[in-house]
Amino acid sequence: MSSIETPKEPEMKGWLHKWTNYLKGYQKRWFVLSNGVLSYYRNMAEMTHTCRGSISLHGALIYTEDTCNLVVSNGGTQTFHLRASSEVERQRWVTGLELAKAKAIRTMESEEDEELEEVSAPLDNHEVQNVFTMLSSKLEDMQTCSELINKHGTALQKALGEVESMENPHDILAKVKQVNERATLFRITTTAMINPGLIGVATQ
C-alpha cells in the first residue's frame, strides 16, 4: 500500500526587505527557507504559483553588513541583499541560514556516501554507517552553533565591560539597551544549539 508524503513545513519564513534597484530601493518580500533553499515571493499568496527567485545554500556565502542587513550569495549569478526589521531578527535569519547550509552540505555528502555504499559496503555495516552519519550531523550542528555562540558571547562580554567603565547615568542607560540586544542574540543562538527547531519561524 503506497503512502502519500506530505510536504515538510518550511524551516523559516517571514518578511524581509530585499534590494531591488536604485529606483525602488528595498522592497518588502516574503521569504521561505526550506530544504536548503532560500526563496522569495512578493506576498504569501504567491507561494502556491510564483517564486520570484531562489538560492541554494549549499556553497552559499552568508554574511552581515551592518546592524540589520545581511547578504546571501551563491558566488555567481544570484545575490540577495536583505534587510531585517531589527538586529535580533537579522540574527535569527543568519542563524537559521547557517544551520540550513550545514545541513544541505551534509545531505549532499550523505547521498554521495550512500552511492558508494551500494557498490562496496557490506549490508551488515549499514546500521553502523547510519549511526555514524547521524552523530557526524549532530557534531557539525554543534560546531556551527559553537562558533556563533563564541561570536555573540564575546560581543556581550565587551558590552558589559563598557557598562562597568561608565560613570554618566545617561550613557549607562543607552548602553543597557545594547547589552539587552546582545543578550537576546546570545540567547537565540544558545537556544538553537539546544534545539534547532526552536530557532523559530519568523512571522510577519
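Reading the values: rules and limits
- Residues numbered from 1 in each chain as written.
- Predicted model: local features only at pLDDT ≥ 70, side-chain atom pairs only at ≥ 80, totals over all residues.
- Heavy atoms only, no water.
- Helix = DSSP H or I, 4+ residues; strand = E, 2+ residues; numbered from the N terminus.
- Buried < 20%, exposed > 50% of the residue type's maximum accessible area, 1.4 Å probe, protein only.
- Contact = heavy atoms within 4.5 Å.
- Areas by Shrake-Rupley, 256 points an atom, 1.4 Å probe, with all protein chains shown as cover.
- Core = buried A, V, L, I, M, F, W, Y, C linked by side-chain atoms within 4.5 Å.
- Pairing = 2+ DSSP bridges.
- Phe/Tyr/Trp six-rings, centres within 6.5 Å; stacked < 30°, edge-to-face > 60°.
- Lys NZ or Arg CZ within 6 Å of the ring centre and 35° of its normal.
- Axes fitted to C-alpha atoms, helices over the stretch in contact; angles between N-to-C directions.

1. Things to note about the overall build of the protein
Here's step 1: Scanning the protein from N- to C-terminus turns up 3 helices and 7 strands.
Here's step 2: Counting from the amino terminus, the protein carries its helices and strands in the arrangement β-β-β-β-β-β-β-α-α-α.
Here's step 3: In the protein, which comprises 204 residues, the proportion classed as buried is 33%.
Here's step 4: In the protein, once contacts between residues fewer than 6 apart in sequence are set aside, the share between residues at least 24 apart is 50%.
Here's step 5: Carbon and sulfur atoms make up 53% of the accessible area of the protein, which amounts to about 13100 Å² in all.

2. So, the side chain of Gln91
Here's step 1: Mapped onto the secondary structure, Gln91 falls in helix H1 (residues 87–120).
Here's step 2: Using a relative accessible area of 0% as the deciding quantity, one classes Gln91 as buried.
Here's step 3: Those residues in contact with Gln91 that lie beyond four places of it in its chain are Leu148, His152 and Leu185.

3. Considerations on the nonpolar core
Here's step 1: Among the nonpolar cores identified, the biggest contains 19 residues, and Phe31, Leu33, Leu38, Val72, Leu82 and Leu97 are the most heavily contacted of them.
Here's step 2: Contact partners of Leu97, with chain neighbours within four places excluded, come to Leu33, Leu38, Leu57, Ile62, Leu70 and Val72.

4. Describing the pairing of strand S4 (residues 53–56)
Here's step 1: Here S4 shows a clear split, with Gly53 and Ile55 buried on one side and none of Ser54 and Ser56 buried on the other.
Here's step 2: By the bridge criterion, 4 bridges tie strand S3 (residues 37–41) to S4 in an arrangement that is antiparallel. Bridge pairing in S4 links Val37 to Ser56.

5. Here's the deal with the packing of aromatic side chains
Here's step 1: Evaluation of the coordinates by the stated rule reveals 6 aromatic pairs.
Here's step 2: Considering the side-chain rings of Trp15 and Trp30, the 5.2 Å spacing of their centres and the 70° angle between planes classify their relative orientation as edge-to-face. Of this pair, Trp15 sits in strand S1 (residues 12–21) while Trp30 sits in strand S2 (residues 25–34); the two residues are 15 residues apart in sequence, bridging distant segments of the chain. With respect to class, Trp15 is no different from Trp30; both count as buried.
Here's step 3: Aromatic side chains Trp19 and Tyr22 sit 5.2 Å apart centroid to centroid with 80° between the ring planes, which places their arrangement in the edge-to-face category.
Here's step 4: The exposure class of Tyr22 is exposed, given its relative accessible area of 78%.
Here's step 5: The positively charged end of Lys28 is found above the aromatic ring belonging to Trp15, 4.9 Å away from the centroid.

6. Considering the sheet that holds S2
Here's step 1: What the 7 strands build is an open sheet, ordered S4-S3-S2-S1-S7-S6-S5; its pairing is antiparallel. Unpaired on one side and paired on the other, S4 and strand S5 (61–64) mark the two borders of the sheet. Strand-to-strand twist in this sheet, taken as the mean axis angle between neighbours without regard to direction, amounts to 30°.
Here's step 2: Bridge count between S2 and S3: 5 bridges; the pairing is antiparallel. Paired with Ser34 across the bridge in S3 is Val37.

7. Observations concerning the pairing of S3
Here's step 1: In terms of residue burial, S3 counts as a mostly covered element, since 4 of its 5 residues are buried.
Here's step 2: Turn length for the S2-S3 hairpin, with the two strands adjacent in sequence and antiparallel, is 2 residues, and the turn residue Asn35 shows positive phi of about 55°.

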